[in-house]
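Commentary on secondary and tertiary structure
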Amino acid sequence: MITKFIKRILRRDPMVKHSQTHDSSAPKRIQKKSHRIDPHLLSKNAVKVTHTLQQAGYEAFIVGGAVRDLVLGIEPKDFDVATNATPEQVQRLFRKARLIGRRFQIVHVTFFGKGHPEIIEVSTFRALLDNAGDHVAESGRILRDNVWGSQGEDAARRDFTINAMYYDPSTETVLDYHGGMADMQKKTLRMIGDPAKRYREDPIRMLRAIRFAAKTGFALEPNTRSPIAKLGTLLHDVPSARLFDEILKLLMSGYSWAAIQGLRDAGLHHGLLPLLDHILDSGADSKGANDFVKLALANTDQRIQSGKSVSAGFLFATLLWPDLLKNWKANIAKGMSNIPALHDAMDDTIATQSEGMTIQRRFESDMREIWSMQPRFEKRVGRYPYRLIESPRFRAGYDFMLLRCATGEQHPALGEWWTSFIAADPDGQDALMLSAKNETGNPAGSPAKRRRRRKPKSAAPSEGAPS
C-alpha cells in the first residue's frame with residue numbers, strides 16, 4: 001500500500017506538464033471570509049470528485065462558471081472540475097466514467113441519485129496555444145488540443161476573467177490568476193489576453209460574451225467589446241450545429257431578451273435569425289411583432305428561472321412567427337387559400353432561416369406542428385375541438401395561441417373559450433360548442449352525430465370518459 005501511494009504521488013505522464021511546475025504568475029489566494037461561497041450551494045458529487053482525485057495524489061478544483069455563480073450566490077446548474085490528472089488517470093478512479101471528445105478529451109463522471117443523473121465534467125489542465133505548435137492551423141483554428149499544461153496555463157486559456165477562478169472545497173480557497181474577483185466586484189466582463197486574437201481563435205466567444213453579460217448584468221469591458229462589430233462576420237464560418245447550440249444556450253439562459261438586445265447592440269444579430277433582422281432593426285410598424293416576441297421570451301425566461309423545462313421547438317416557433325405571419329398574409333394577398341398559404345409560408349420562412357443558422361430537424365417538425373394548429377383553434381364546432389385536443393402537441397399549440405391572444409393578434413375570447421373547454425366536463429363542452437356556433441354560425445352545416453372521445457390526461461384535469 002505504501003509503495004502504491006508513493007507511485008501515485010510521483011507518477012508522471014509524458015504528455016503532462018504538471019501544475020507543480022512554476023507558473024509565470026502566481027494566483028491570488030482568496031479565503032472564505034472574502035469570497036463568501038456558501039458550501040450548501042455545492043454539488044456533493046462535485047466535491048466527491050475533487051476529494052477522490054486529491055486522495056489519489058492529484059490536484060483538483062471546481063472551476064469556471066460554477067465558481068462564478070457560487071461567488072454571486074447562485075446555485076450552479078452544472079459543475080466542472082479541472083485537474084492535473086490525465087483523462088485516462090481520471091477514468092481509472094471512477095466506476096461510471098467515460099472519455100469523450102476528440103479535439104480535447106475530457107471525462108464525464110456520472111452519479112445516479114433519487115432525481116436525474118448528475119454528470120461532473122472533468123478536464124485536464126491545458127497548455128497555452130503557443131505551446132501547442134503543430135496542433136494549430138494557420139487560421140488559428142485548433143486542430144488537436146490534447147496537450148496538457150499547468151494550472152496557470154489552463155487559466156490563461158480560459159475566455160473571461162470571471163470564468164478563470166479555481167475553488168478547492170477542501171480548503172475553501174479560491175485561486176484567482178487574472179483578477180476575476182475584482183472584475184466581479186466592478187461588474188465587468190473582461191477577456192483574458194488580446195480580445196481580437198481570442199475571437200479569431202474561436203468566434204463563438206463573441207456570443208458567449210453577450211450571453212454572460214446578459215446573465216450577470218455585467219458590462220463588457222471596452223477592449224473586450226470593441227472588436228466584436230468588426231469580427232462578427234467570422235460567425236458565418238462556424239459549423240452550423242455548433243452555432244445552433246450556442247444560440248440555443250443564449251435563448252435559454254433565462255435572460256433571453258437582454259441577450260438579444262445585446263446581440264443588436266454589438267451588431268451580431270444579422271444573419272443569425274431573420275426574426276432579429278426584421279424586429280430589432282424595425283420601428284413602430286413592427287410593434288405587434290415585437291410585443292409577441294418579448295412576451296414569448298419573457299415567459300421562457302420565467303420558466304427557466306423557476307427551474308421548469310422549455311421546448312426549443314416552441315421557442316423557435318415563437319421567434320420565427322412574425323416572419324411566417326408576414327409571408328402567410330402575403331400569400332393570401334396573392335390569392336392563395338388559407339391553409340395552402342400557411343404551409344407555403346412555413347417553407348419560405350424555414351428556407352430563409354437556413355441561410356443563417358440551421359435549426360435541427362426535430363425542432364423544425366415541432367415548429368410546423370405548432371404553426372399548423374393555429375387555424376384549427378378557430379374551428380369550434382363538430383368534431384374539430386375533440387380531434388385537436390387529442391393531438392400530441394396540443395398543449396404547445398394551445399400555449400402558442402394564448403400568446404397570440406395576449407398580444408392582440410387573436411381575440412382574447414378565443415383563448416378564454418379553449419381554456420374553459422379544456423377544463424369543462426362533457427356537458428360543459430357541449431354548451432361551449434353551442435355558444436360558439438351561435439356566435440359564429442355553422443359554416444360546416446349541422447355537425448354529424450358523433451361519438452364522444454376520451455380526453456387525454458394532459459388536456460383535461462378531470463378523470464372519466466364521456467360515454
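For the protein, an unreviewed UniProt entry supplies the name Poly(A) polymerase I and the organism Polynucleobacter asymbioticus. Its UniProt record gives the protein the following Sequence similarities (unreviewed entry) comment, quoted word for word: "Belongs to the tRNA nucleotidyltransferase/poly(A) polymerase family." Its UniProt record gives the protein the following Catalytic activity (unreviewed entry) comment, quoted word for word: "RNA(n) + ATP = RNA(n)-3'-adenine ribonucleotide + diphosphate".

When helices and strands are counted, the protein shows 22 helices and ten strands. Of all intrachain contacts in the protein linking residues separated by at least 6 positions in sequence, the fraction that spans at least 24 positions is 66%. With the model as given, the accessible surface of the protein reaches about 23,700 Å², and the carbon-plus-sulfur share is 51%.

A word on a positive patch on the surface. The grouping of Arg376, Lys379, Arg383 and Arg387 at the surface amounts to a positive patch. With a relative accessible area of 35%, Arg376 lands in the partly exposed category.

This brings us to unusual backbone geometry. Although it is not a glycine, Glu172 sits at a positive phi angle of roughly 55 degrees. For Glu172, the position within the fold is in the loop between strand S7 (165-168) and strand S8 (173-176).

Turning next to the packing of aromatic side chains. For the structure on display, the rule yields 18 aromatic pairs. Plain terms: the ring middles of Phe125 and Tyr166 are 6.3 Å apart, the flat faces sit at 80 degrees to each other, and that makes the pair edge-to-face. Taken together, the residues span a long stretch of sequence, with Phe125 in the loop between strand S6 (118-124) and helix H6 (151-157) and Tyr166 in strand S7 at a distance of 41 residues. Residue Phe125 shares its accessibility class with Tyr166, and that shared class is buried.

It is worth spelling out the pairing of strand S2 (residues 60-63) at this point. Burial along S2 is two-sided: the residues Ala60 and Ile62 and Phe61 and Val63 are all buried. Pairing analysis gives four bridges linking S2 to strand S3 (residues 80-83), with the strands arranged antiparallel. From the neighbouring strand, Phe61 faces S3, where its bridge partner is Ala82. For S2 and S7, the ladder comprises two bridges, and the chain directions are antiparallel. Each residue of the ladder has a partner; that of Ile62, found in S7, is Tyr167.

Here we come to the pattern of salt bridges. Oppositely charged side chains may form a pair once their charged atoms are brought near each other. Scanning the entire structure with this criterion turns up 17 salt bridges. Across the pair Arg158 and Asp154 runs a salt bridge, and its minimum N-O distance is 3.0 Å. Measuring nitrogen to oxygen at the nearest pair gives 2.8 Å for the salt bridge that ties Arg242 to Asp202. Taken together, the residues Arg242 in helix H12 (residues 240-251) and Asp202 in the loop between helix H8 (195-201) and helix H9 (204-216) connect sequence positions 40 residues apart. Arg242 sits in the partly exposed class, given a relative accessible area of 38%. Several salt bridges share partner residues, and in doing so they unite Arg68, Asp69 and Lys215 into one network.

Let us look at the sheet that holds S3. What the eight strands build is an open sheet, ordered S1-S8-S7-S2-S3-S6-S5-S4; its pairing is mixed. Two strands in the sheet have a free side with no partner beyond their single neighbour: strand S1 (28-30) and strand S4 (97-100). The mean inter-strand angle of the sheet, taken between neighbouring strand axes irrespective of direction, is 30 degrees. In the sheet, S3 pairs with S6 via four bridges, with the strands oriented parallel. Residue Val81 lies in a different strand from S6, and its bridge partner there is Val122.

To continue, consider helix H3 (residues 44-55). Taking 1.5 Å per residue, twelve residues should reach 16 Å; H3 reaches 16 Å between its end C-alpha atoms and fits that length. Listed in full, the buried residues belonging to H3 are Ala46, Val49, Thr50 and Leu53. Buried residues of H3 fall within an arc of 90 degrees about the axis and therefore sit on the same side. Within H3, the exposed residues directed more than 90 degrees away from the buried face are Lys44 and Gln55. N-cap assignment for H3: the residue whose side-chain oxygen lies 3.2 Å from the backbone N of Asn45 is Ser43. Gly57 lies just past H3 and shows a positive phi near 95 degrees.

A few words now on the environment of Asn338. Tracing the backbone shows Asn338 in helix H17 (residues 338-354). Residues within four places of Asn338 in sequence aside, it is in contact with Trp328, Ile332 and Pro375.

On to the nonpolar core. As a rule of thumb, soluble globular proteins bury nonpolar side chains together. Counting 90 residues, the largest nonpolar core has Val49, Leu53, Val122, Leu189, Leu268 and Trp371 as the members making the most contacts within it. Counting residues per element, this core draws most heavily on helix H16 (residues 312-333), which supplies eleven residues. Filtering out sequence-adjacent residues up to four positions away, Leu189 remains in contact with Phe160, Ile162, Ala209, Phe212, Ala213, Phe218, Ala219, Leu220, Glu221 and Thr224. One finds Phe377, Phe394, Met401 and Cys405 within the second-largest nonpolar core, a separate group that totals 18 residues.

Conventions used here
- Residues numbered from 1 in each chain as written.
- Predicted model: local features only at pLDDT ≥ 70, side-chain atom pairs only at ≥ 80, totals over all residues.
- Heavy atoms only, no water.
- UniProt positions renumbered as here; feature names shortened; annotations may be inferred.
- Helix = DSSP H or I, 4+ residues; strand = E, 2+ residues; numbered from the N terminus.
- Contact = heavy atoms within 4.5 Å.
- Areas by Shrake-Rupley, 256 points an atom, 1.4 Å probe, with all protein chains shown as cover.
- Patch = residues over 30% accessible without salt bridge, like charges linked within 9 Å, V, L, I, M, F, W, Y side chains within 5 Å.
- Salt bridge = Lys/Arg side-chain N within 4 Å of Asp/Glu carboxyl O.
- Lys, Arg positive; Asp, Glu negative; His and termini not counted.
- Charge placed at Lys NZ, Arg CZ, Asp CG, Glu CD.
- Buried < 20%, exposed > 50% of the residue type's maximum accessible area, 1.4 Å probe, protein only.
- Phe/Tyr/Trp six-rings, centres within 6.5 Å; stacked < 30°, edge-to-face > 60°.
- Pairing = 2+ DSSP bridges.
- Axes fitted to C-alpha atoms, helices over the stretch in contact; angles between N-to-C directions.
- Expected span 1.5 Å × (residues − 1).
- Arc of directions from axis to C-beta.
- Polar contact = N/O pair within 3.5 Å; in protein donor to acceptor, adjacent residues only side chain to side chain.
- Core = buried A, V, L, I, M, F, W, Y, C linked by side-chain atoms within 4.5 Å.

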